Amino acid sequence: MGTAGGGRAARALRLLLLLVLALAAVEYLFGSILDASPLRTYLYAPMHNVTPSIKNDKQIVAKKLLTQGTESVTNYTHTTNSSNKNPAKETFNMTKPNLSDDTSTPLLITKIMESIKNLVTTEEDFRDEPSLPLCDEMPPDLGPISVNKTEIELDWVEKRYPEVRSGGIYSSSNCTARHRVAIIVPYRDRQQHLAIFLNHMHPFLMKQQIEYGIYIIEQEGTSEFNRAKLMNVGFVESQRQRSWQCFIFHDIDLLPLDSRNMYSCPKQPRHMSASIDKLNFRLPYEDIFGGVSAMTLEQFTKVNGFSNKYWGWGGEDDDMFYRLKKMNYHIARYKMSIARYAMLDHKKSAPNPKRYQLLSQTSKTFQKDGLSTLEYEVIKVTANHLYTHILVNIDERS
């Protein structure tokens, strides 16, 4: 059955190739006549002034460029339509720059070539190797690990881990991952921590046999640091690049100490960093949800993401706990001997004086503050070897 199907496909392929050659000959012999004919209009469709529309709720003007072999995107804005009650349903408008008139593309021939490409792919499918088996639910050789807090150069780390693809994306070559996970890291002025973080996290995550990507979301400017809003940005921007199932919101100064602490999302939101060395490996209070936390796409959108209003240190994690509780979720945790983390030394930020006032209003305001009201400007997106760097302006507009 497979041989007969392959023979039919080969015959069809030869016929289509002949048709393409015939069209090319017509173009060569009668090009001057076609210039003034309706057939010319049909064969050639100019690709300038094109505004494709994709379902989403933001307006974007994007300009792509290549710098030193690394794909970057610069300058576009995100504005959520306040009339959209479901933050998971969004609208994108991409406007491409005009191309010159002499770059017209023969639409019919292009479509035929695409069909041939699909036909070749179909023919190759007859010879496809069996798909990879699913990775183990609990991969082998997991357990306590050490951490190296020694200062290292980012350039040196970037040359390591060749199995990681551009943008900090990884999936096992031996099995199909059960989990697709975006690691979202809010960031500013922590380059030394970034090098240590990447050097620790990549081997840790690879050992868990998950498919993952690391996104470093950097706040531009001098405004107070807004960790929660940066995590909202990371959620939106990472989804724009790939279809992730699970989101780990991760402080850059926390490093896991046990690879049994699986970076995946269970049926309930998970507080990952329950046991931190500088807190004597004790839980400060039962409702804490800070440091490192895991939520599915459904969980995060159902609570409208994080609040955008917490400028300065503290409060945003408790706000998220209240949102989750309001939507009838409870917090899951690994046992304290597994959920262990080492904290890197850093200067503590000034507390947000408005945090308690904001927390007192969470249950009434969370549906009007979060993903549904998120606004920011992307300055630049760069796919580095071990991470995707997204520089954003999140200042509030006057």
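Structure: see above.
The rules we used
- Residues numbered from 1 in each chain as written.
- Predicted model: local features only at pLDDT ≥ 70, side-chain atom pairs only at ≥ 80, totals over all residues.
- Heavy atoms only, no water.
- Core = buried A, V, L, I, M, F, W, Y, C linked by side-chain atoms within 4.5 Å.
- Buried < 20%, exposed > 50% of the residue type's maximum accessible area, 1.4 Å probe, protein only.
- Helix = DSSP H or I, 4+ residues; strand = E, 2+ residues; numbered from the N terminus.
- Contact = heavy atoms within 4.5 Å.
- Salt bridge = Lys/Arg side-chain N within 4 Å of Asp/Glu carboxyl O.
- Patch = residues over 30% accessible without salt bridge, like charges linked within 9 Å, V, L, I, M, F, W, Y side chains within 5 Å.
- Areas by Shrake-Rupley, 256 points an atom, 1.4 Å probe, with all protein chains shown as cover.
- Disulfide = S-S within 2.5 Å.
- 1 Å grid on protein atoms, 1.4 Å probe; cavity = no way out; pocket = protein on both sides within 12 Å on 5 of 7 lines; lining within 4 Å.
- Points joined across faces, edges and corners; volume = space filled by probe spheres on them.
- Nonpolar A, V, L, I, M, F, W, Y, C, P; charged D, E, K, R; others polar.

(A) Examining the nonpolar core more closely. With 41 residues, the main nonpolar core has Leu198, Leu205, Tyr212, Ile214 and Tyr263 as its most contacted residues. Secondary-structure elements contributing two or more residues to this core are helix 4 (154-158), strand 8 (180-187), helix 5 (191-207), strand 9 (211-219), strand 10 (246-250), strand 11 (254-256), strand 14 (292-296) and strand 15 (340-343). Counting residues per element, this core draws most heavily on helix 5, at nine residues. Setting aside anything within four residues of it in sequence, one finds isoleucine 214 in contact with Gly167, Gly168, Ile183, Phe197, Leu198, Met201, His202, Leu205, Leu386, Tyr387 and Thr388. Grouped together as the second largest cluster of nonpolar side chains are 34 residues, Phe247, Val303, Tyr329 and Val378 included.

(B) How the structure looks around the pattern of salt bridges. Summed over all chains, the structure comprises twelve salt bridges. One salt bridge in this structure joins lysine 149 and aspartate 277, with 3.5 Å as the shortest N-O distance. With a gap of 128 residues between them, lysine 149 in the loop between helix 3 (107-125) and helix 4 and aspartate 277 in the loop between strand 13 (275-276) and strand 14 connect regions that are remote in the sequence. On the basis of relative accessibility, which here comes to 37%, the residue lysine 149 falls in the partly exposed class. Taking the relative accessible area as the measure of exposure, aspartate 277 reaches 22% and is therefore partly exposed.

(C) Spatial organisation of a nonpolar patch on the surface. Taken together, the side chains of Leu15, Leu18 and Leu21 define a hydrophobic patch exposed on the protein surface, amounting to about 340 Å² of accessible area. Relative to the helices and strands, leucine 15 is located in helix 1 (residues 2-34). Among the residues examined, leucine 15 registers a relative accessible area of 59% and is labelled exposed.

(D) Molecular detail of the state of the cysteines. Within the structure shown, the criterion is met by two disulfides. Linked covalently through their sulfurs, cysteine 135 and cysteine 175 form a disulfide whose S-S length is 2.0 Å. Here cysteine 135 and cysteine 175 share a disulfide; its torsion about the S-S bond, 90°, makes the bridge right-handed. Here cysteine 135 is found in the loop between helix 3 and helix 4, whereas its partner cysteine 175 is found in the loop between strand 7 (169-170) and strand 8, with 40 residues between them in sequence.

(E) Looking closely at empty space enclosed by the protein. On inspection of all chains with the given rule, the structure shows two cavities of 30 Å³ or more. A volume near 60 Å³ is recorded for the largest cavity. If you trace the largest cavity, you find it lined by Ser307, Lys309, Tyr310, Asp319, Arg323, Leu358, Gln361, Thr362, Thr365 and Asp369. Those elements giving two or more residues to the lining of the largest cavity turn out to be helix 8 (316-326) and helix 10 (362-365). Here the residues of the lining of the largest cavity are counted per class, giving two nonpolar, four polar and four charged. Roughly 40 Å³ of internal volume is contained in the second largest cavity. Lining the second largest cavity we find Cys135, Asp136, Glu137, Arg178, His179, Gln208, Gln209, Ile210 and Met262. Grouping the amino acids of the lining of the second largest cavity by side-chain chemistry returns three nonpolar, three polar and three charged.

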